[in-house]
Every structure is written in structure tokens, then in C-alpha cells.
Amino acid sequence: MTARPPDVPTLKVSDVRLRFGGVVALDGPSFTIEPGQIVGLIGPNGAGKTTLFNCISRLYEPDSGQIAFGGTDLLALSADGVADAGIARTFQNIGLFPTISVLDNILTGAYSRTRAGFVATALGLPRTRREEAGERDEAWALLESMNLAHVGREPAGNLPYGTLKRVELARALMQRPRLLMLDEPANGLIHEEVLELAETVRRLRDERGFSVLLVEHHMAMVMSISDRVVVLNFGQKVTEGEPAEVAAHPEVIEAYLGGAA
């Protein structure tokens, strides 16, 4: 049975600002992700996409603004607290453990929601063994749903890059996220792998009911799966809306292709 988050709050980003010395990285962008939406966050290099991503996941501390997940003030939480709130993320660069199996890599994603303490785990108490067995069953089911079961016992370091991207996604899903944040998941993938990944993300969203914030340079993927698209440039929000209207927006065309276009 598919594990679904118990409820999916709205993510609200309001007037977030951040400077690095004299450089304005974020200059007040605001947007909302409604429950179950896929929202694409796009813009040229240096637009502030990953910086905003890192503010939401609490790797960066903004100078001002608000980021709320339902009734939870994310800026009052640590990065661990954000994970506990039901927000999972992937990174541009794969952060898997190459020497352990795919299954064990995926099981690390369940760490933030396991209840057994260190002593209980070390002693192998019955409730710990039951919890571990349940997590392994869920991880195998996730591998099956993502067509990865055949590599479940393989060391992650033996696998091709495109497969590792799906393993990283599976690890994030083991957190049972209410919001899944994907930071350039198509980076380094060939065309066919991008199409497969896009379909996988959309299917998992439909099955599991979580929301998605997608930072991605691959426009075909963003436009094909996003319900709404937010565009940043120089740390400011240029526009937002449905994919077709955003793609036709003159400021978006200029930001990506230049004034002559």
C-alpha cells in the first residue's frame, strides 16, 4: 500500500531577502504552493533559485521575510526540524553512499521519522526489530514502484548516473514528505532519462499526494509537469502563472534569450 502523508499544508514564501556581502541574492520574492501542486522555480544562472531553495530547507538564514508551512514557521526551525515537518529535498550533486547497497541508501531516508532510540537500536529490542522490518518492507515497495528492485542489493557506486538520480529520489520519498523539493533532478541526464524522470515525479505526486517545488534548467521537464511556474531573475520574482502563459511572457523570453530575441 502506498504511504501517503497525513496532510499537506500550503507553503507560503513571503518577501524573502538575503544579501551575501554586497551581493543581493534574494530581493523579496513571494509565492505559494497549494497542497498537491507541482511548482517549477526557474530563472537564468544566478537568479537566486538555489539560494531560495536553501532558505526554505534552512541551510541559509534569510535577512528578512517569512516562510510558513501551514501553521509552522520554518524560519524558527533547524534543518532537522524542517525534515521533521515533512519536507524532503534532493541536491544538485548526488549525495549517496557509494559503498553500501541501494536498499541501505534508501533506508537512510527514514532516519528522521524512526522512533527507536540509540540504546534500543544497539540492543536490538523487539520494537526496534519490528520497526526496521517495516522500513525495509516499505523501501522494497518503493524500489518496486520506481523499477529499481533489480539493483536493490547493488552498491550504489556501481550504478550509472541516471539510475543514481532515481535512487536519490527514492531516498527522499522514504521520509514520506508532504513537500518534496527537487534541486535540478534532470542535471546530467540524457533526453530519454529526463522524460522518464518527469513521468515518475508526476506519477508519484498523484499516488502519494505530496506537493513539489522543482528547481530545474530543463524547460521541457518544467513545463510538462508543473501546475504553476515561478520565474526569478536577479533575486526578484519576474512573474508566475501556468506554464503556457509564463513561457510567452516577454520578460521571461528576454531573461532567457536576451533583448534581441
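Structure's up top.
This report concerns the structure included in the present document. (Residues numbered from 1 in each chain as written. Predicted model: local features only at pLDDT ≥ 70, side-chain atom pairs only at ≥ 80, totals over all residues. Heavy atoms only, no water.)

### What about unusual backbone geometry?
Positive phi, normally seen in glycine, also occurs at Asp15, with a value near 50°. Structurally, Asp15 can be placed in strand β1 (residues 11–20). The partly exposed category is assigned to Asp15, whose relative accessible area is 35%. The backbone of Glu184 sits at a positive phi, close to 50°, despite the residue not being glycine. As for its placement among the helices and strands, Glu184 is situated in the loop between β8 (179–183) and α7 (191–208). The exposure class assigned to Glu184 is buried, which follows from its relative accessible area of 9%. (Helix = DSSP H or I, 4+ residues; strand = E, 2+ residues; numbered from the N terminus. Buried < 20%, exposed > 50% of the residue type's maximum accessible area, 1.4 Å probe, protein only.)

### Overview of the nonpolar core
The biggest cluster of nonpolar side chains holds 43 residues, and the ones touching the most others in it are Ile106, Met146, Leu169, Leu173, Leu180 and Met221. At six residues, helix α6 (residues 161–173) tops the list of elements feeding residues into this core. Viewed by domain, this core spans two of them, domain 1 (1–86 + 176–261) and domain 2 (95–174), each represented by three or more residues. Apart from the residues within four sequence positions on either side, Leu169 is in contact with Thr90, Met146, Leu180, Leu182, Leu197, Thr200, Val201 and Leu204. Within the second largest apolar cluster, 26 residues are counted, among which are Val13, Val16, Leu52 and Leu179. (Core = buried A, V, L, I, M, F, W, Y, C linked by side-chain atoms within 4.5 Å. Domains from an automatic or database assignment. Contact = heavy atoms within 4.5 Å.)

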